[in-house]
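# A look at the structure
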Amino acid sequence: ETGVTQSPTHLIKTRGQQVTLRCSSQSGHNTVSWYQQALGQGPQFIFQYYREEENGRGNFPPRFSGLQFPNYSSELNVNALELDDSALYLCASSLEGAGGNEQFFGPGTRLTVL
Amino acid sequence: AQSVTQPDIHITVSEGASLELRCNYSYGATPYLFWYVQSPGQGLQLLLKYFSGDTLVQGIKGFEAEFKRSQSSFNLRKPSVHWSDAAEYFCAEGPGGGYNKLIFGAGTRLAVHP
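Residues numbered from 1 in each chain as written. Chains lettered and ligands numbered in written order. Predicted model: local features only at pLDDT ≥ 70, side-chain atom pairs only at ≥ 80, totals over all residues. Heavy atoms only, no water.

### A word on the interface of chain B and chain A
Often, the extent of an interface is quoted as the loss of accessible area upon association of its parts. Taken together, the contact pairs 18 residues of chain B with 22 residues of chain A. Taken together, both faces of the contact between chain B and chain A bury some 1400 Å²; the carbon and sulfur share is 55%. Summed over the three residues of chain B that lose the most area to chain A, namely Leu44(B), Tyr99(B) and Lys101(B), the buried surface amounts to 37% of that side. Our count for the contact surface shared by chain B and chain A stands at zero salt bridges. Across the side of chain B that touches chain A, the residue classes tally to nine nonpolar, eight polar and one charged. (Contact = heavy atoms within 4.5 Å. Buried area = accessible area lost by both parts, 1.4 Å probe. Salt bridge = Lys/Arg side-chain N within 4 Å of Asp/Glu carboxyl O. Nonpolar A, V, L, I, M, F, W, Y, C, P; charged D, E, K, R; others polar.)

Next up, the structure:
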């Protein structure tokens, strides 16, 4: 059974650019959540996708957007990058809406915005 | 606003010593509480969870946690720490029910001296 994978591992962008981060869910999982972890902080919930639809959003602006594909892989897109977007981005997958089912985290993508 | 507080940013213990990491939550008559561990380059791994029932919960790697409603606390304990326990530990709450939309504390970094 393959775990949650994320790509790329590291990424460097400049302010104003756009970035796409990718996540492959654990086999059989239909729910993915994205979190932002700034240096020295705990992860903050960005949004969740369940069966290809957004199913809840944290306190993040609309320039953070996402997609979930029929194979349940997912993308996080961030437009107009700001310096404060530098962080580790984590995705987590689970089965059936992440209520009573454990979500499994990927290793993250480290984004640096210069 | 809902929040999770981990008062200790950094803790150092000797190998073989006991460990207690503190966590206070702010939300809910029926909180869903979690402890995760994060090692460098690794995703978050669930150590244990509390949804209801017995207030002393056992987790993986010899960890346990006790839910105390009167103190709004969910402290993590281990009777004898191993060098491999050195990592960052996060307490989290699931205000969305279960694992949904977790709110994390800022984390406690554990160092273990030989």
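### Topic: the side chain of Thr31(A)
Mapped onto the elements of the fold, Thr31(A) is located in strand E4 (residues 31-37). A distance of 3.1 Å separates polar atoms of two side chains, one belonging to Thr31(A) and the other to Asn30(A). (Helix = DSSP H or I, 4+ residues; strand = E, 2+ residues; numbered from the N terminus. Polar contact = N/O pair within 3.5 Å; in protein donor to acceptor, adjacent residues only side chain to side chain.)

### Brief notes about the environment of Glu64(B)
Residue and element names in this part refer to chain B. The residue Glu64 is located in strand E8 (residues 64-68) in this model. Along the chain, Glu64 and Ser80 lie 16 residues apart, while their C-alpha atoms are 12 Å from each other. If near-sequence neighbours (up to four positions away) are discounted, Glu64 is found in contact with Leu48, Leu56, Val57, Gln58, Asn75, Leu76 and Arg77. At 3.2 Å, the side chain of Glu64 forms a polar contact with the side chain of Gln58.

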